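What follows is the residue order along each chain.
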Amino acid sequence: MGMLYVVPTPVGNLEDITLRAIRVLKEVDLILAEDTRTSGILLKHYEIKNVLLSHHMFNEHQTTDSLIERLKTGETMALISDAGTPGISDPGFLLVRTCIRNGIAVQCLPGATAFVPALVSSGLPDDRFCFEGFLPQKKGRQTRLNALKEEERTMIFYESPFRVLKTLTQFAEVFGPERKVAICREISKIHEENVRGTLTEAIAHFEKTEPRGEFVIVLGGKEKIK
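The present account deals with the structure reproduced in this document.

Moving on: the overall build of the chain. A count of helices and strands for the chain gives eight helices and 10 strands. Taken across its 226 residues, the chain has 48% of its residues classed as buried. In the chain, the share of contacts with a sequence separation of at least 24, taken over all contacts with a separation of at least 6, comes to 72%. Of the roughly 12,300 Å² of accessible surface on the chain, a fraction of 53% belongs to carbon and sulfur atoms. Here the chain carries 29 positive and 30 negative side-chain charges, and the mean point of each set is 3 Å from the other.

Attention now goes to helix 8 (residues 199-208). The periodicity of an α-helix, 3.6 residues per turn, causes residues three or four positions apart to be oriented the same way. Listed in full, the buried residues belonging to helix 8 are Leu 199, Ala 202, Ile 203 and Phe 206. Seen along its axis, helix 8 keeps its buried residues to an arc of 100°; they face one direction. Check the buried side of helix 8 and you find it contacts helix 7 (164-175), strand 8 (180-185), strand 9 (193-198) and strand 10 (215-219).

This part takes up unusual backbone geometry. Of note in the backbone geometry, Ser 89 takes a positive phi value of approximately 55° without being a glycine. Here Ser 89 lies in the loop between strand 4 (76-80) and helix 4 (93-101). For Ser 89, a relative accessible area of 32% corresponds to the partly exposed category. Even without a glycine there, the phi angle at Glu 186 is positive, about 55°. Within the fold, Glu 186 resides in the loop between strand 8 and strand 9.

At a closest axis distance of 10 Å, the pairing of helix 3 (residues 60-72) and helix 4 adopts a crossing angle of 35°. For the crossing formed where helix 3 meets helix 4, the hand is right-handed. On helix 4, the residues touching Glu 60, His 61, Thr 64, Leu 67, Ile 68 and Leu 71 of helix 3 are Leu 94, Leu 95, Thr 98 and Cys 99. Taken together, the residues of the contact of helix 3 with helix 4 sort by class into six nonpolar, three polar and one charged.

Attention shifts here to the nonpolar core. Core analysis: the largest hydrophobic core is formed by 22 residues, its most contacted members being Phe 157, Leu 168, Phe 171, Phe 175, Ile 183, Ile 217 and Leu 219. Sort the elements by how many residues they give to this core and helix 7 lands first, with six residues. Non-local contacts of Leu 168, meaning those with residues more than four positions away in its chain, are made with Ile 183, Leu 199, Ala 202, Ile 203, Phe 206 and Ile 217. Counting residues in each nonpolar core, the second largest holds 18 residues, with Ala 21, Leu 42, Leu 43 and Ile 80 among its members.

On to the pairing of strand 7 (residues 154-159). For strand 7, the buried fraction is high: six of the six residues fall into the buried class. Both faces of strand 7 are covered, namely the face carrying Thr 154, Ile 156 and Tyr 158 and the face carrying Met 155, Phe 157 and Glu 159. Note that strand 6 (residues 129-133) and strand 7 share four bridges and pair parallel. Paired with Phe 129 across the strands is Thr 154, a residue of strand 7. After leaving strand 6, the chain enters helix 6 (residues 141-147) and then returns to the sheet as strand 7, a path that is right-handed. Of the pairings in the sheet, the one linking strand 7 to strand 10 comprises five bridges and is antiparallel in character.

Turning our eyes to something else, we now look at the packing of helix 7 against helix 8. Each packed pair of helices is defined by two parameters, the angle between the axes and the distance between the axes. Between helix 7 and helix 8, the least distance of the axes is 10 Å, while the angle of their chain directions is 155°. As the angle between them shows, helix 7 and helix 8 are arranged roughly antiparallel. In the packing of helix 7 onto helix 8, the handedness of the crossing is left-handed. Together, Leu 165, Leu 168, Thr 169, Phe 171 and Ala 172 of helix 7 and Leu 199, Ala 202, Ile 203, Phe 206 and Glu 207 of helix 8 make up the contact between the two elements. Of the residues contributing to the contact of helix 7 with helix 8, the split by class is eight nonpolar, one polar and one charged.

Conventions and cut-offs
Residues numbered from 1 in each chain as written. Predicted model: local features only at pLDDT ≥ 70, side-chain atom pairs only at ≥ 80, totals over all residues. Heavy atoms only, no water. Helix = DSSP H or I, 4+ residues; strand = E, 2+ residues; numbered from the N terminus. Buried < 20%, exposed > 50% of the residue type's maximum accessible area, 1.4 Å probe, protein only. Contact = heavy atoms within 4.5 Å. Areas by Shrake-Rupley, 256 points an atom, 1.4 Å probe, with all protein chains shown as cover. Lys, Arg positive; Asp, Glu negative; His and termini not counted. Charge placed at Lys NZ, Arg CZ, Asp CG, Glu CD. Arc of directions from axis to C-beta. Axes fitted to C-alpha atoms, helices over the stretch in contact; angles between N-to-C directions. Left-handed = near helix turned anticlockwise from the far one by under 90°. Nonpolar A, V, L, I, M, F, W, Y, C, P; charged D, E, K, R; others polar. Core = buried A, V, L, I, M, F, W, Y, C linked by side-chain atoms within 4.5 Å. Pairing = 2+ DSSP bridges. Right-handed = clockwise from strand over helix to strand, strands pointing away. Parallel < 35°, antiparallel > 145°, perpendicular 65-115°, else oblique.

Below, the structure written as structure tokens:
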């Protein structure tokens, strides 16, 4: 049997990669990349000259079985996404689950994940939290938000710049305009920004400043009644 390595890649700054990740990417027989063009920039930077194969949410159901057969013959593969840790709001779960069902070893390397620095730097309680990733864009969105109204843990969401203002406005409607929030964008990049305060203050900020980049929204949980 071969081995599947799940390898985190930088969410922004190319220096945010481990020495072990670089070694694994150089040594495996095949690298599975969400977008070969995006990953090609990182691999070129570290002089990793390895075979790349596209593996993403639109083709993973078609490619997984053939990859499993190759792993069974002894090949080693590294799964990477465009940024961060595969499987966390990115493709990866299907392949990992199928490997486990077929007795193929899976190792996930520790490394970059966007929500961790956003949570730690938010100033909101980080001893207990829940990760929600991307909310449904349409169907089920309001239902999901209503289900979180009584959540006391800090909540973490991913959002695109095109919907962040809409999402913050919906949060204010559901959780109340004075709920504490921290919004981190462009993590580890030149234009990294943290906006902290109430939902009202965050909405006002992004009404004046056009949202750009990828966002992590860290929302305070419902305060316990003392």
